[in-house]
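Spelled out from the first residue to the last, the chains are:
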Amino acid sequence: MISSTKLARWTAAAPFWLVYLLPVLIWIGALNGGLWVILPPLATWYLFSALDAALGLNTENADPQTEESALFWYRAGVMLWAPVQFVMLFALIWYVSGNQALTTWEKFGVFFGTGVMTGTVGIVYSHELVHQRNRLERRLGDWLLAMVLYSHFRSEHLLVHHLWVGTPRDPVTARYNEGFHRYYPRVLRECPVSAFRAEKGLLARRGLPWWHRRNPFWLYLVLQLAMLGLAMALGGWGGLALFLVQAGVAIWQLELTNYVEHYGLTRKYLGEGRYEHVKPHHSWNSAHTATNWLLINLQRHSDHHYKPDRRFPLLQSYAESAAPQLPYGYPVMTMAAMVPPVWRRVMNPKVRAWRRSWYPEIEDWSAYNKARMPLPKGSA
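Here the residue numbers are simple positions, counted from 1 along each chain's written sequence. Since the coordinates come from a predicted model, pLDDT governs what is reported: local features require at least 70, and pairs of side-chain atoms require 80 or more to be given and counted, while whole-chain, interface and lining totals use all residues. Excluding hydrogens and water, the side-chain values take into account all heavy atoms of the structure.

Asks: How would you sum up the layout of surface pockets? Please name residues and give values.
Replies: Only protein atoms enter the 1 Å grid used here, on which a cavity is any set of points holding a 1.4 Å probe that cannot leave and a pocket is any open set flanked by protein within 12 Å on both sides along at least five of seven lines; residues with an atom within 4 Å of a point are listed as lining. Grid points are joined across faces, edges and corners, and a volume is the space filled by probe spheres set on the points. Taken as a whole, the largest pocket encloses approximately 660 Å³ of empty space. Arg138, Arg154, Leu158, Glu199 and Leu202 are the residues nearest the centre of the largest pocket, which is lined by 24 residues in total. The secondary structure listing takes helices from DSSP runs of H or I that are at least 4 residues long and strands from runs of E that are at least 2 residues long, numbered from the N terminus. Of all the secondary structure elements, the ones that give two or more residues to the lining of the largest pocket are α7 (135-146), α8 (153-164), α9 (180-205) and α10 (216-262). Here the lining of the largest pocket takes six residues from α8, the largest share from any one element. Side-chain classes follow a simple rule in which Ala, Val, Leu, Ile, Met, Phe, Trp, Tyr, Cys and Pro form the nonpolar group, Asp, Glu, Lys and Arg form the charged group, and the remainder, Gly included, forms the polar group. Of the residues assigned to the lining of the largest pocket, the class counts are nine nonpolar, five polar and 10 charged. Around the second largest pocket, the lining is made up of 20 residues, and of these Ile2, Ala12, Phe16, Asn58 and Trp293 lie nearest the centre. Looking at the lining of the second largest pocket, the elements that each hand over two or more residues are α1 (4-7), α2 (10-13) and α11 (289-294). The element that contributes the greatest number of residues to the lining of the second largest pocket is α11, accounting for three residues.

Here is the structure:
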């Protein structure tokens with residue numbers, strides 16, 4: 001176990017700061033054009049995956065009782081990202097939209113790479129921030145989500161996903177044999193509605209109408225309109241188009257990750273609208289070293305569901321006997337997800353083995369496969 005003293009050193013947190021090289025790579029592409037624009041996806045998808053192969057797994061756990069004061073360098077790296085990304089994104093919109101030296105495809109390439117950054121880092125960091133209890137961190141998380149026009153993620157993730165993961169009420173639990181290209185339009189359609197319904201229900205329980213100012217969807221609307229307006233002011237219609245490109249790429253990255261995290265893993269139905277409690281074996285895990293640096297331990301996903309407000313340096317790794325393991329880190333697995341025959345060849349046998357191991361008493365999985373089981377009691 002990593003002691004609190006060792007964890008508190010800046011050198012221990014340093015690998016998680018490697019993501020601050022991504023803005024540099026994006027600017028290299030923006031300034032030089034050509035093949036330089038592909039540096040960000042090469043770094044995030046391939047370089048970190050290559051480092052995984054070289055460095056192997058890291059199953060060492062930090063002391064979960066570590067005081068928050070010992071996590072300064074980890075918290076600072078996450079919180080600083082929001083203003084850095086904001087300045088980076090809108091400076092790029094101003095520079096690239098008015099740059100006559102870059103071709104249309106080079107401009108697209110720069111903002112595709114920017115979307116890789118705002119999705120792989122920005123949304124992952126926002127996820128860490130919205131789980132915290134203090135107002136500043138939650139607002140920084142909202143700020144990051146507004147930059148990719150996905151503000152409803154906060155409501156959907158906190159009020160739906162964590163409560164109902166692995167049940168038909170959770171849109172982002174990917175169903176067995178559901179290819180990503182069917183999953184993606186489904187979650188784009190269902191998640192905003194699901195999030196709004198959850199907030200409306202929360203307000204109703206407090207005796208308030210959905211249009212009350214405490215509904216965070218008003219905040220989401222204002223923040224997202226502000227982002228769109230700023231993009232338009234700095235770059236005109238071209239700047240707005242570039243903003244939308246990066247937002248689209250970021251959302252795609254997020255939902256690819258959501259697809260991988262719980263594919264085919266369902267909670268057992270106990271009857272009368274009741275499901276078993278969420279357990280470590282309801283999430284796919286990966287202990288690969290470098291991609292956990294990139295994704296601030298998001299791949300230690302079982303522990304995140306067990307302790308949703310536990311900060312990322314303290315997330316625990318699980319053995320395969322306690323939680324199912326992915327053969328590679330998320331970047332490789334998300335690339336596989338884009339090719340459904342490859343994905344099914346790799347993951348379907350793992351899901352079937354998981355079912356035999358954890359639920360040998362269930363003989364017919366057809367209703368689970370199609371999310372046709374009854375909705376959880378109290379989830380409407």
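Asks: Give a detailed account of the UniProt feature "transmembrane region" (unreviewed entry) in the protein chain, specifying residues and quantitative values.
Replies: Per the UniProt record, "transmembrane region" (unreviewed entry) is found at residues 7-28, 34-57, 78-96, 108-130 and 217-245. Span residues 34-57 is 71% helix and 0% strand, its end C-alpha atoms 36 Å apart. Spanning residues 78-96, this segment combines 100% helix with 0% strand, and its end C-alpha atoms are found 27 Å apart. UniProt positions are given in the numbering used here, feature names are shortened, and annotations may be inferred rather than shown by experiment.

Asks: Help me get a handle on the environment of Leu21, residues and values and all.
Replies: The topology assignment puts Leu21 in the loop between α2 and α3 (22-32). Look at Leu21 and you get exposed, because its relative accessible area is 51%. Considering only alpha carbons, one finds Leu21 and Ala43, 22 residues apart in sequence, at a separation of 9.6 Å. Think of it in three bands: residues with accessible area under 20% of the maximum for their type are buried, residues over 50% are exposed, and the middle band is partly exposed, with areas taken using a 1.4 Å probe on protein chains only.

Asks: Pulling in residues and values, what's your account of a nonpolar patch on the surface?
Replies: Residues enter patches when their relative accessible area tops 30% and they take part in no salt bridge; the joining distance is 9 Å for like charges and 5 Å for the nonpolar side chains Val, Leu, Ile, Met, Phe, Trp and Tyr. A 1.4 Å probe and the Shrake-Rupley method give the accessible areas. Residues count as covered only by the protein chains that appear here. In the sections that follow, a salt bridge refers to a side-chain nitrogen of Lys or Arg positioned within 4 Å of a carboxyl oxygen of Asp or Glu. Residues Trp210, Trp211, Trp218, Leu221 and Leu225 make up a contiguous nonpolar surface patch of about 550 Å² in total accessible area. Structurally, the position occupied by Trp218 is in helix α10.

Asks: Summarise the nonpolar core; cite the residues concerned and give the values.
Replies: If you look at the biggest cluster of nonpolar residues, it comprises 93 residues, and the most contacted ones within it are Tyr125, Tyr259, Tyr263 and Trp343. It is α10 that provides the largest number of residues to this core, a total of 13 residues. Contacts of Tyr259, omitting those with residues within four sequence positions, involve Ala174, Glu178, Gly179, Phe180, Tyr183, Ala337 and Trp343. Here, nonpolar core refers to any group of buried Ala, Val, Leu, Ile, Met, Phe, Trp, Tyr and Cys residues whose side-chain atoms link them within 4.5 Å. In what follows, a contact means two residues having at least one pair of non-hydrogen atoms within 4.5 Å.

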